[in-house]
Amino acid sequence: MKRYLIPLAVFIVLVVFLAIGLKLDPKHIPSPFIGKPAPQFDLPVLHNPQQRITTADLKGQVWLLNVWASWCVSCRAEHEVVKRFVAMGETPVYGLNYKDKPEDGKGWLAALGNPYKASLMDINGDVGIDWGVYGVPETFVIDKKGIVRYKQVGPLTDSIVDEKIIPLLRELNTEAG
Amino acid sequence: MWIRRGLLPVTLVLLFFVSFSSQAAIDAYQFDDPEKEALYKKLIKELRCTVCQNQDIGDSNAELAKDLRRKTYEMISRGEDEEFVLDYMAQRYGDFVLYRPRLNTNTLMLWIGPFIILIIAVFLLIRFIRRPGDEVPFTETDKAQAEQLLEREE
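Residues numbered from 1 in each chain as written. Chains lettered and ligands numbered in written order. Predicted model: local features only at pLDDT ≥ 70, side-chain atom pairs only at ≥ 80, totals over all residues.

K.L.:
Now, about the interface of chain B and chain A: what can you tell me, with residues and values included?
P.N.:
For an interface, size is often stated in terms of accessible area lost upon the parts coming together. Counting residues at the interface gives 11 residues for chain B, matched by 11 residues for chain A. At the level of elements, helix H3 (63-77) and helix H4 (82-93) of chain B are the ones that each hand at least two residues to the side of chain B that touches chain A. Considering only residue class, the side of chain B that touches chain A consists of 4 nonpolar, 4 polar and 3 charged. (Contact = placed C-beta atoms within 7 Å. Helix = DSSP H or I, 4+ residues; strand = E, 2+ residues; numbered from the N terminus. Nonpolar A, V, L, I, M, F, W, Y, C, P; charged D, E, K, R; others polar.)

K.L.:
Give me the pairing of strand E4 (residues 93-98) of chain A: which residues, what numbers.
P.N.:
When a strand is regular, its side chains alternate between the sheet's two faces. Residues and elements named next belong to chain A. Pairing analysis gives 5 bridges linking strand E3 (residues 63-68) to E4, with the strands arranged parallel. Within the sheet, the bridge partner assigned to Trp-68 lies in E4 and is Asn-97. Following the backbone out of E3, through helix H2 (residues 73-87) and into the adjacent parallel E4, one traces a crossover that is right-handed. Of the pairings in the sheet, the one linking E4 to strand E5 (residues 118-122) comprises 5 bridges and is parallel in character. Across the sheet, the residue bridging to Leu-96 is Leu-120, located in E5. In this fold, the crossover linking E4 to E5 by way of helix H3 (residues 102-112) has right-handed handedness. (Pairing = 2+ DSSP bridges. Right-handed = clockwise from strand over helix to strand, strands pointing away.)

K.L.:
Before we move on, can you summarise helix H5 (residues 108-129) of chain B with the specific residues and values?
P.N.:
Taking 1.5 Å as the rise per residue, H5 of chain B with 22 residues should run 32 Å; its terminal C-alpha atoms sit 32 Å apart, in good agreement. The buried fraction of H5 of chain B is low, at 0 of 22 residues. (Expected span 1.5 Å × (residues − 1). Buried ≥ 20, exposed ≤ 12 C-beta atoms within 10 Å, placed from the backbone.)

K.L.:
Run through the nonpolar core, naming residues and quoting values.
P.N.:
The biggest cluster of nonpolar side chains holds 45 residues, and the ones touching the most others in it are Val-67, Trp-68, Tyr-98, Val-136 and Ile-142 of chain A together with Leu-47 of chain B. Those elements that provide at least two residues to this core are E3, E4, E5, strand E6 (138-142) and helix H5 (158-174) of chain A together with helix H2 (34-46), H3 and H4 of chain B. Leaving out residues up to four positions away in the same chain, Val-67 of chain A has contacts with Leu-96, Tyr-98, Gly-128, Val-133, Val-136, Pro-137 and Glu-138 of chain A. (Core = buried A, V, L, I, M, F, W, Y, C linked by C-beta atoms within 7 Å.)

K.L.:
Tell me about the packing of H3 of chain B against H4 of chain B, and please be specific about residues and values.
P.N.:
Two packed helices can be described by the angle between their axes and the distance between those axes. Residue and element names in this part refer to chain B. Interhelical geometry of H3 versus H4 gives an angle of 145 degrees and a closest axis separation of 10 Å. Between H3 and H4 lies a crossing whose hand is right-handed. Contacts between H3 and H4 involve Thr-72, Met-75 and Ile-76 from the first element and Phe-84, Val-85 and Tyr-88 from the second. Grouping the amino acids of the contact of H3 with H4 by side-chain chemistry returns 5 nonpolar, 1 polar and no charged. (Axes fitted to C-alpha atoms, helices over the stretch in contact; angles between N-to-C directions. Left-handed = near helix turned anticlockwise from the far one by under 90°.)

K.L.:
Give a description of the packing of H2 of chain B against H3 of chain B that names residues and reports values.
P.N.:
Residues and elements named next belong to chain B. Following both chains from N to C, one finds H2 and H3 inclined at 150 degrees, their axes separated by 10 Å at the closest point. In terms of orientation, H2 and H3 fall into the roughly antiparallel class. Our pair here, H2 against H3, has a crossing hand that is right-handed. For the pair H2 and H3, contact is made by Lys-36, Leu-39, Tyr-40, Leu-43 and Ile-44 and by Arg-69, Thr-72, Tyr-73, Ile-76 and Ser-77, respectively. (Parallel < 35°, antiparallel > 145°, perpendicular 65-115°, else oblique.)

Here it is in structure tokens:
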């Protein structure tokens, strides 16, 4: 009996590992930034290029950085979710207009609505590289100390907002700045 | 004549491959130093394009791969070394971006895992081969039986 049990046990272990492997999303790469200071940027504001915003300006508050572009199809679907989230008044959301022409970005916001506190222009994508952006849309949650606490690759959905982002923000808002 | 006729399809097939291999990643980057150019060519083969499934950034025409090639070029022409570029990429995109991940706590199993499995396999194999009590004694009755069978054959 034992000689059949051992191969069976090995087979079951193998199946479990393969099943876990199948469930993993190969496109999901864990961000090395979680728990680390948010990368610095110093970027012009889309609607007022004379004004610049830096990461240091945003310290002391919990904020979200949402990476979007007018050429990004799934950003369109995500935009409704972002608008709903901003309407809840939880936290300011800053946009990173990634590799976009300023006029295209402005047109996109004019047509779909602009929930962002401000959108920052990353025309050649350098800041995107600094933030490890590889698939637009992406969303980062940054705490009061300027530490990245959460990263969403791909579009936000209502369930991600309600189940992950909102509880996290409640927690972060109680932390000391 | 038959040789030529035979060679034509072969040549066509070869040409097909040639035209393909030179297609990816044509950037006109100029280097002031052949060593830098060699380093650039080496690095774009060692950095994974994170949006493509298993392609290096030298092999991909994805927007991100182009940007990362540009970044690599900028750093190398500034005179940065290999370590600097690999660190820069790993800090932003994680160990996943390196085709040869470094040895750290996250990648420890990746490096030593195969050796552990090899040791277990060798151990099991040795045990399996040398299982005690496996040999069945060859008795007199067995011998008689064998002889009887052989005789019947004849």
